[in-house]
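Tertiary structure, described
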Amino acid sequence: MAKDKTIFTCTECGGTSARWMGKCPSCNAWNTLIESSSEPAATGKNRFGSVHASLAPTSEVLPLSQIEAADFERHPTGIDELDRVLGGGMVEGGVVLIGGDPGIGKSTLLLQAVDALQRSGMNTLYVTGEESGAQVAMRSRRLGLPDSQVPVLPEIQLEKILHTLQARQPNIAIIDSIQTVYSDQLTSAPGSVAQVRECAAHLTRTAKATGTSIVLVGHVTKEGALAGPRVLEHMVDTVLYFEGDTHSNFRLIRAIKNRFGAVNEIGVFAMTEKGLKGVSNPSAIFLSQHSEPVPGSCVMVTLEGTRPLLVEIQALVDSGGPSPRRLSVGLDRDRLAMLLAVLHRHAGVACMDQDVFVNAVGGVRISEPAADLAVMLAITSSLRGKALPKGFIAFGEVGLAGEVRPAPRGQDRLKEAAKLGYTTAIIPKANAPKTAIPGMQVHAVERIEEAMGVVRGLD
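Quick notes on the rules
Position labels on residues start from 1 in each chain and follow its written sequence. Note on the predicted model: pLDDT of at least 70 is required for a residue's local features to be given, and 80 or more for side-chain atom pairs to be given and counted; whole-chain, interface and lining totals, by contrast, use all residues. Only hydrogens and water are removed before side-chain values are computed, so all heavy atoms of the structure are retained for them. To qualify as a helix, a DSSP run of H or I must reach at least 4 residues; to qualify as a strand, a run of E must reach at least 2; elements of each kind are numbered from the N terminus. Only protein chains enter the area calculation, which uses a 1.4 Å probe; residues under 20% of their type maximum are buried, those over 50% are exposed, and those in between are partly exposed. When charges are counted, Lys and Arg are positive and Asp and Glu negative, with His and the chain ends excluded. Positions of charges follow a simple convention, taking NZ of Lys, CZ of Arg, CG of Asp or CD of Glu. Strands were regarded as paired on the criterion that DSSP finds at least two bridges between them. Only C-alpha atoms enter the line fits that serve as axes; for helices the fit covers just the stretch in contact. Angles between N-to-C directions range over 0 to 180 degrees. Should an angle lie under 35 degrees it is considered roughly parallel, over 145 roughly antiparallel, and from 65 to 115 roughly perpendicular; all remaining angles are considered oblique. Contacts are assigned to residue pairs with any non-hydrogen atoms lying within 4.5 Å of each other. Side-chain atoms within 4.5 Å are what join buried Ala, Val, Leu, Ile, Met, Phe, Trp, Tyr and Cys residues into a set we call a nonpolar core. Residues are said to line a cavity or pocket when one of their atoms sits within 4 Å of a point; the points come from a 1 Å grid over protein atoms alone, cavities being sets where a 1.4 Å probe fits but cannot get out and pockets being open sets with protein on both sides within 12 Å along at least five of seven lines. Grid points are joined across faces, edges and corners, and a volume is the space filled by probe spheres set on the points. Each residue gets one label: Ala, Val, Leu, Ile, Met, Phe, Trp, Tyr, Cys and Pro are nonpolar, Asp, Glu, Lys and Arg are charged, and the others, such as Gly, are polar. Only the six-membered ring of Trp is used, alongside the rings of Phe and Tyr, when aromatic pairs are assigned; centres must lie within 6.5 Å, and planes under 30 degrees apart are stacked while those over 60 apart are edge-to-face, with the rest tilted. A ring is scored as having a charge over it whenever the NZ atom of a lysine or the CZ atom of an arginine sits within 6 Å of its centre and within 35 degrees of its normal. Pairs of N or O atoms within 3.5 Å make up the polar contacts considered here, provided that, within protein, one atom can donate a hydrogen while the other can accept it, and that residues adjacent in sequence are counted only when both atoms are side-chain atoms.

It is worth spelling out the overall build of the protein at this point. In terms of regular secondary structure, the protein is built from ten helices and 23 strands. Considered along the principal axes of its C-alpha atoms, the protein spans approximately 80 × 55 × 55 Å. Residues classed as buried in the protein amount to 48% of the 459 residues present. Averaging the coordinates of the 45 positive side-chain charges in the protein and doing the same for the 47 negative ones gives two points 2 Å apart.

This paragraph deals with the pairing of strand S1 (residues 6-10). Direction of pairing for S1 relative to strand S2 (residues 16-17): antiparallel, over a ladder of two bridges. Bridging from a neighbouring strand, threonine 9 pairs with threonine 16 of S2. Taken together, S1 and the strand that follows it, S2, pair antiparallel across an intervening segment of five residues, in which glycine 14 is found at a positive phi of about 85 degrees.

As a packed pair, helix H4 (residues 158-168) and helix H5 (residues 193-210) sit with axes 11 Å apart at the nearest point and diverge in direction by 10 degrees. Here H5 runs roughly parallel to H4, going by the angle between their axes. On the side of H4, the interface is formed by Leu158, Ile161, Leu162 and Leu165, while H5 contributes Cys199, His202, Leu203 and Thr206.

One finds Ile313, Val358, Ile366, Leu373, Leu377 and Ile379 to be the most contacted residues of the largest nonpolar core, which totals 47 residues. The element that contributes the greatest number of residues to this core is helix H8 (residues 372-384), accounting for seven residues. Here isoleucine 366 is in contact with Met300, Thr302, Val311, Ile313, Gly330, Leu331, Ala360 and Ala371, once residues within four sequence places are set aside. One finds Val85, Leu111, Leu240 and Leu276 within the second-largest nonpolar core, a separate group that totals 30 residues.

Quick look at empty space enclosed by the protein now. Across all of its chains, the model carries three cavities of 30 Å³ or more by this definition. Considering only enclosed or pocket space, the largest cavity measures out at about 120 Å³ in volume. Every residue lining the largest cavity is counted, 15 residues in all, and those nearest its centre are Leu82, Met90, Leu110, Ala113 and Val215. For the lining of the largest cavity, the secondary structure elements donating two or more residues are helix H1 (80-86), strand S6 (95-100), helix H2 (106-119) and strand S9 (172-176). The element best represented in the lining of the largest cavity is H2, accounting for five residues. Its residues placed into classes, the lining of the largest cavity shows 14 nonpolar, one polar and no charged. If you trace the second largest cavity, you find it lined by Arg74, Leu86, Gly89, Met90, Val91, Gly94, Val95, Val96, Asp237, Thr238, Asn258 and Phe260. Only strand S5 (90-91) and S6 provide two or more residues apiece to the lining of the second largest cavity. Partitioned by chemical class, the residues of the lining of the second largest cavity number six nonpolar, four polar and two charged.

Another aspect to go through is the sheet that holds strand S12 (residues 250-258). If you walk across this open sheet you meet the nine strands as S8-S7-S9-S10-S6-S11-S12-S13-S14, and the pairing is mixed. Where the open sheet ends on each side, the last strands, each with one partner, are strand S8 (152-154) and strand S14 (275-278). Looking at each pair of strands side by side, their axes are set apart by 25 degrees on average, direction ignored. Here S12 runs beside strand S13 (residues 266-272); their pairing, made up of five bridges, is antiparallel. Looking across to S13, one finds that arginine 254 is bridged to isoleucine 266. Strands S6, strand S7 (124-128), S9, strand S10 (213-218), strand S11 (238-243), S12, S13 and S14 of the sheet are contacted by H2, whose axis makes an angle of about 155 degrees with S7.

In the contact formed by H2 and helix H3 (residues 133-142), the axes pass within 11 Å of each other and the chain directions differ by 75 degrees. With respect to H3, the axis of H2 lies roughly perpendicular. Of the residues in H3, those in contact with Ser107, Thr108 and Leu111 of H2 are Val136, Arg139 and Ser140. Residue composition of the contact of H2 with H3, by class: two nonpolar, three polar and one charged.

Moving on, we come to the packing of aromatic side chains. Counted according to the given criterion, the structure contains zero aromatic pairs. Note that arginine 413 overlies the ring of phenylalanine 395, its terminal NZ or CZ placed 5.5 Å from the centroid.

The residue threonine 77 is located in the loop between strand S4 (74-75) and H1 in this model. At 3.3 Å, the side chain of threonine 77 and the backbone nitrogen of isoleucine 79 are in polar contact.

Assignment of secondary structure puts arginine 405 in strand S21 (residues 404-405). It is 8.6 Å that separates the C-alpha atoms of arginine 405 and arginine 447, two residues lying 42 residues apart in sequence. Each residue touching arginine 405, except ones within four places of it in the same chain, is listed here: Gly396, Glu397, Gly399 and Pro428. Reaching out from arginine 405, the side chain makes a polar contact with the side chain of glutamate 403 at a distance of 2.8 Å.

The structure is reproduced here in structure tokens:
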């Protein structure tokens, strides 16, 4: 009996090799080749030879100026935080891929969203490949949706799912999850690179041809990336990541890719007994509740997409040994070392023999340089043992020459802080408001030593 021929497929790019190699010959990623059975020779029939063979009817070539551009029709889900991340709602014919850790709340949120869409008069379909219909019904009752009319299809075979989509023509369809779906035209197991790529391609073509909005739920690897080939993210229109600690009540949804809205937009949710609820004031999550100001704490305003958020930066400076430690959580460690050098050279604050620990409260990760000024003020406050005034905020990038550079959308940051009751701000001079902000005293500075002098004058 002839032995089945095997090939090695890359989990990152989907490239194939006849033998195992440490590095993928297609994308040069290391240790990504896995063994699988080769597919039988293709028959004369094209796998895509169906009514959905093309994304759109064949048309003549036209210059962009002659093509009519119309806005996409959106269907709001009724969940404000989800609509914010999507850019206003589900787009007709759009494909959304949402990934996250097991138990983070992906299926819960989508069941709430599809139920709200069904109640608003939309034609929906919930395809579950991981649970039975009874399990979905039990979750629906736990969420307080006992009379939900959402149609549920427990199925994992792609051809049956496509047939149901063509017969029912839903406006919104949820596929939970793409790793469980398989096609009879391939011999590999569900969840393999070939199956995920093939099934996602067929579902994407169906969405574009029929106008059905499809949401794909994706598994993630232990590193937190979406499982399957990276081409999966290129196929879809929107990629959302569900973030958060399963031991915490708060969840974040972050848009990594969005063809119909802003990227790096976030939505904040709280997990309750009745499912996920949007958080109207997410800044409260990232602020510690101190009855009185404490040394080493400084509040800054960061931007997540179009949303300004207040985040508390905490610093602890302690006596170190011959090799002092520099540790940061939520901020770049290399940038912390650079800021300490600038602090010593231009502001005369020496931490050479001190351990320095910096933390962004609430588990948020700040990547923008506008946190520089708040980090330096928090370090100085901890070193001096004197707290910054109550209702104090700061933001601004600090250069190697000691200059304080402007942050984007400075006016929006100040307005958000004033709305939440903050009364004193140190900001870059280029971000100084043209008109006074009621209830807020703004100090615009050009250099880091000038900012330190302003803080000493506020003590």
